[in-house]
Amino acid sequence: MEDLKYQIDLLTALNERLLGSEKMYRHIAECSGTLFMYFDYKSQPAKVELVGPWDEKVGEKIANHPYDESYMLNLLLDEDQDKFRIHMLELEREGLETDSIEVRSRSKRYWLSCFANVTYDDEHNPVEKIISIKDITKIKMNSEELEYLAFYDSLTGVYNRNYFVRKFRDMCERAESEEVSVEIMFVDIDDFKKINDSIGLLFGDELVQEFGQYLKGFDSEDVNVGRFGSDVFVIAVYNPCGTRSCDVIYRKILERLRHPFVLTNKSELMFTVSCGVAEYPDAGRTALEVIKNAEIVLYKAKEHGKNGIQYFEIDILNKFIKNVSIEKQLKEAIETEGFQLYYQPQYFAADGKLRGAEALLRWPDPEGEGFITSPSEFIPIAEKNGAIVPIGNFVLKEALRTYADWRSKYHIPIILSINISALQLEKDSFVETLSHTAGLYGVNPESIEIEITESVFINNFEDVIDKIKTLRGLGMRVSLDDFGTGYSSLSYLKQLPIDTIKIDRTFIETALKDDSSSIIYESVIKMSQKLGFETVAEGVETKEQFNYLRERNIDIVQGFLLGKPVSKVEFEKILIRQIP
Ligand code: C2E
Ligand code: MG
Ligand code: MG
């Protein structure tokens, strides 16, 4: 009797423990968010129990009703049902122990990761099976999004840079074996920065988006579209022929750009694009080289005044390579102050007296004789990359120091002309730098003339006028260089606070060759004099030209006939000749 009671107590205790742990496991299953299906093969047909938050995930109907296989399968997408049945529900038929699959819910709202595990007895009969089903929608979405971002540009939906390059590379490889070509075209919105500044970044983005989506319309099996930078798109055309070519696409784009793009704020925007085209294998040995070269010719199209297309030419590439090398050498030359100034004399036409000297920059070759290249080649590069500012400061210092030296040695009151770039003049500190340097070497401001070109007025007309007025107020002279090569209109000349006009040498080159050029030259001289400016003729090379100019009462002449630009030491000989 005692024994029996003990056994009952023991069983009750064990039962309570079992119930407690079952509760605990059920609770864990609920909290895990995973759905479990437990198959017990001891009974025939197998008994199925659903554990976990079925209620919450698939509704009360399946959770609280006898297990119904077809109802269960129906929760899945049609094409995934067989997969679930074979790999999960009937796994034991194959005698396998584990398997895993991913399936989608009928609504396509969920991605489910399913894992099955079967245990067998010694005769390899299934004893039990657990299928666990986990919702992996979030992970899936994130990876899909990542996958999308890996290939596409999120703003416009065209290929992103990396993927486009991959595709282009594949195209080139295919083209190689099929012996055809592949074209690539860079498409860049002109003045996008200005557009962005005027409509704001958000609408700027919207514009890029609209344009990108328009370009995406060209995408097909043999045409790929990508985005390389904020407003830079690329289009690759495999085996261009007939209507499938960058040229045709370009013309279609032009057609589209005749109509405005309408943004969500209802504003209508028109813009132009510049394009650069290169072709594999003609424009480079590798896909990357062709891409780089298409970009280089794009910048050529920009330089040519935008709104145009430029095709690859070897000369453009060579010039680019040369410029890059000049740019590199320029940096070194700035650090080592590897420049020199030459001086070209200017004479009064009437009495042949020395009026002054124009300081002209020279870049001596440190490893040889002569010069690396002429200022007409390296100054524009230095202006583009900003190097002109330190170079210009060197010019100011060197020219004024030299002038002070000459003055103390020879006491000849000539005028020193110094060329100043737009970028230098735009600097807030320009007036201060110039007057400070003049003061440092004790140079009288009245002996200094700065030479500017019309380009200085393009960006900041008012600001530049103010600075020029200040300089003139200090006693300095201002000369307008290369007159006649820009947009020169005589009527606007009278508004400019300047002293001197230098008529570009292209005028004198033609003046003696044909009558109409001569008439123009004459009228320019007359007009300039009437407006009260001192007038300089540049580029006088022959006696004939000199006489022609003197007859027309030009004030000052400068040119190879009267003296080429020479070093500081050589120029001293000219100064000595002036001593009475
Ligand atoms: P620029 O200021 O118009 O200078 C006159 C240019 O014409 C000089 O060329 C001079 O050597 C050249 N020249 C003078 N007389 C004759 C002639 O009779 N026939 C021919 N064919 N040419 C003549 P350079 O020294 O090569 O300078 C070219 C340009 O580079 C200058 O044109 C100027 O715009 C710029 N430059 C030169 N030095 C400086 C500088 O220190 N600073 C800046 N910002 N620009 C400079
Ligand atoms: Mg000049
Ligand atoms: Mg000039």
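Here the structure is a predicted model, which is why all the values come from computation and not from measurement.

Reading guide: rules and limits
- Residues numbered from 1 in each chain as written.
- Chains lettered and ligands numbered in written order.
- Predicted model: local features only at pLDDT ≥ 70, side-chain atom pairs only at ≥ 80, totals over all residues.
- Heavy atoms only, no water.
- Helix = DSSP H or I, 4+ residues; strand = E, 2+ residues; numbered from the N terminus.
- Rg over C-alpha atoms; globule rule 2.2 N^0.38 Å.
- Buried < 20%, exposed > 50% of the residue type's maximum accessible area, 1.4 Å probe, protein only.
- Contact = heavy atoms within 4.5 Å.
- Areas by Shrake-Rupley, 256 points an atom, 1.4 Å probe, with all protein chains shown as cover.
- Lys, Arg positive; Asp, Glu negative; His and termini not counted.
- Charge placed at Lys NZ, Arg CZ, Asp CG, Glu CD.
- Domains from an automatic or database assignment.
- Near = heavy atom within 4 Å.
- Polar contact = N/O pair within 3.5 Å; in protein donor to acceptor, adjacent residues only side chain to side chain.
- Donors = N, O, S within 2.8 Å, 3.2 Å for Na, K, Ca; no water.
- Core = buried A, V, L, I, M, F, W, Y, C linked by side-chain atoms within 4.5 Å.
- Patch = residues over 30% accessible without salt bridge, like charges linked within 9 Å, V, L, I, M, F, W, Y side chains within 5 Å.
- Salt bridge = Lys/Arg side-chain N within 4 Å of Asp/Glu carboxyl O.
- Pairing = 2+ DSSP bridges.
- Phe/Tyr/Trp six-rings, centres within 6.5 Å; stacked < 30°, edge-to-face > 60°.
- Lys NZ or Arg CZ within 6 Å of the ring centre and 35° of its normal.
- Expected span 1.5 Å × (residues − 1).
- Arc of directions from axis to C-beta.

1. What about the overall build of the chain?
Moving on, step 1. A count of helical and extended segments in the chain gives 23 helices and 20 strands.
Moving on, step 2. Relative to the globule expectation of 25 Å for 580 residues, the C-alpha radius of gyration of the chain, 41 Å, shows a markedly less compact shape.
Moving on, step 3. For the chain, the spread of C-alpha atoms along the three principal axes comes to 150 × 65 × 55 Å.
Moving on, step 4. Out of the 580 residues belonging to the chain, those deemed buried represent 44%.
Moving on, step 5. Within the chain, counting contacts between residues at least 6 apart in sequence, those at least 24 apart form 61% of the total.
Moving on, step 6. With an accessible surface of roughly 31,800 Å², the chain has 52% of that area assigned to carbon and sulfur atoms.
Moving on, step 7. Side-chain charges in the chain split into 69 positive and 98 negative, and the spacing between the mean points of these groups amounts to 6 Å.

2. A short note on the domain arrangement of the chain
Moving on, step 1. When its domains are assigned, the chain resolves into domain 1 (21-140), domain 2 (153-312) and domain 3 (323-578).
Moving on, step 2. Between domain 1 and domain 3, the C-alpha centre-to-centre distance is 89 Å.

3. Overview of the site of ligand 1
Moving on, step 1. Taken together, 22 residues surround ligand 1, and among them Arg362, Asn419, Asp481, Glu541 and Phe560 come closest.
Moving on, step 2. Here an oxygen atom of ligand 1 sits 2.9 Å away from a polar atom, N or O, in the side chain of Asn419.
Moving on, step 3. A distance of 3.3 Å separates a nitrogen atom of ligand 1 from a polar atom in the side chain of Arg505.
Moving on, step 4. Protein chains shield 85% of the accessible area of ligand 1, which is 790 Å² for the free molecule.
Moving on, step 5. At the level of elements, strand S14 (354-362), helix H13 (375-385) and strand S17 (477-483) are the ones that each hand at least two residues to the shell around ligand 1.
Moving on, step 6. Among the elements that line the shell around ligand 1, the one with the most residues is S14, at four residues.

4. Looking at the coordination of the magnesium ion (ligand 2)
Moving on, step 1. Within the first shell, the magnesium ion (ligand 2) binds the protein through Glu358 (OE), Asn419 (OD1), Glu451 (OE) and Asp481 (OD), at distances of 2.0 to 2.2 Å.
Moving on, step 2. Read in sequence order, the donor residues coordinating the magnesium ion (ligand 2) give the pattern E-x60-N-x31-E-x29-D.
Moving on, step 3. A gap of 4.1 Å separates the magnesium ion (ligand 2) and the magnesium ion (ligand 3), which Asp481 links by coordinating each metal. Residue Glu358 is located in strand S14, and its partner Glu451 is located in strand S16 (residues 448-452); the two are separated by 93 residues in the primary sequence.
Moving on, step 4. The class of Glu358 is buried, set by a relative accessible area of 4%.
Moving on, step 5. The class for Glu451 is buried, based on a relative accessible area of 1%.

5. Regarding the side chain of Lys302
Moving on, step 1. Along the chain, the position of Lys302 falls in helix H11 (residues 287-303).
Moving on, step 2. Setting aside residues no more than four positions away along its own chain, Lys302 makes contact with Asp188, Ile189, Asp190 and Ser274.

6. Observations concerning the nonpolar core
Moving on, step 1. The biggest cluster of nonpolar side chains holds 77 residues, and the ones touching the most others in it are Ile452, Phe457, Tyr521 and Leu549.
Moving on, step 2. In contact with Leu549, not counting residues within four places along its chain, are Ile508, Tyr521, Ile525, Ala537, Val540, Ile554 and Val557.
Moving on, step 3. Counting residues in each nonpolar core, the second largest holds 29 residues, with Val187, Phe233, Val273 and Cys275 among its members.

7. Quick look at the environment of Pro126
Moving on, step 1. Relative to the helices and strands, Pro126 resides in strand S5 (residues 126-135).
Moving on, step 2. When near neighbours in sequence (up to four residues on either side) are disregarded, Pro126 contacts Tyr41, Glu92, Val118, Thr119 and Tyr120.

8. What about the side chain of Glu398?
Moving on, step 1. As for its placement among the helices and strands, Glu398 is situated in helix H14 (residues 388-410).
Moving on, step 2. If we skip the residues at most four places from it in the chain, Glu398 touches Leu341 and Tyr343.

9. Quick word on unusual backbone geometry
Most of the time, phi is negative for any residue but glycine, and the peptide bond is trans.
Moving on, step 1. Here the bond from Gln44 into Pro45 is cis, since omega is -10°, no more than 30 degrees from zero.
Moving on, step 2. Relative to the helices and strands, Pro45 is located in the loop between strand S1 (35-40) and strand S2 (47-51).
Moving on, step 3. Of note, the bond from Tyr280 into Pro281 is cis; its omega dihedral lies within 30 degrees of zero at 5°.
Moving on, step 4. Note that Pro281 resides in the loop between strand S11 (273-280) and H11.
Moving on, step 5. Not every positive phi belongs to a glycine, and His124 is a case in point at roughly 65°.

10. Side note on a nonpolar patch on the surface
Moving on, step 1. Taken together, the side chains of Tyr6, Leu10, Leu11 and Leu14 make up a nonpolar region of the molecular surface, amounting to roughly 420 Å² of accessible area.
Moving on, step 2. Residue classification places Leu11 among the exposed residues on the basis of a relative accessible area of 56%.

11. Regarding the sheet that holds S17
Moving on, step 1. If you walk around this closed barrel you meet the eight strands as S13-S14-S15-S16-S17-S18-S19-S20, and the pairing is mixed.
Moving on, step 2. Judged from the four bridges that link them, S16 and S17 form a sheet pairing that is parallel. Of the residues in S17, the one forming a bridge with Ile452 is Leu480.

12. Some remarks on the packing of aromatic side chains
Moving on, step 1. Throughout the structure, instances matching the rule amount to 26 aromatic pairs.
Moving on, step 2. Seen in terms of ring centroids, Phe164 and Phe168 are 6.3 Å apart; in terms of plane orientation they differ by 5°. Their pairing is stacked. Taken together, the residues span about one helical turn, with Phe164 and Phe168 both in helix H7 (residues 161-178) at a distance of four residues.
Moving on, step 3. Ring geometry for Phe211 and Phe271: centres 5.3 Å apart, planes at 90°, overall edge-to-face. Here Phe211 is found in helix H9 (residues 201-216), whereas its partner Phe271 is found in the loop between strand S10 (268-269) and S11, with 60 residues between them in sequence. Both residues of the pair, Phe211 and Phe271, count as buried.
Moving on, step 4. What links up through ring pairs into an aromatic cluster is the set Phe211, Tyr214, Phe218, Phe233, Phe261 and Phe271.
Moving on, step 5. Sitting over the face of the ring of Phe228, Arg161 holds its NZ or CZ atom 4.5 Å from the ring centroid.

13. Quick word on helix H18 (residues 461-473)
Moving on, step 1. Here H18 contains 13 residues, and its C-alpha end-to-end distance of 18 Å stays within 8% of the 18 Å for a straight helix at 1.5 Å per residue.
Moving on, step 2. The complete set of buried residues in H18 reads Val464, Ile465, Lys467, Ile468 and Leu471. The buried residues of H18 occupy one face: seen down the axis, they fall within an arc of 165°. Relative to its buried face, H18 has exposed residues pointing more than 90 degrees away, namely Glu462, Lys469 and Gly473.
Moving on, step 3. Buried residues belonging to H18 abut helix H15 (422-426), helix H16 (430-440), S16, helix H17 (456-459) and S17.
Moving on, step 4. After H18 finishes, the residue Gly475 shows a positive phi value of roughly 110°.

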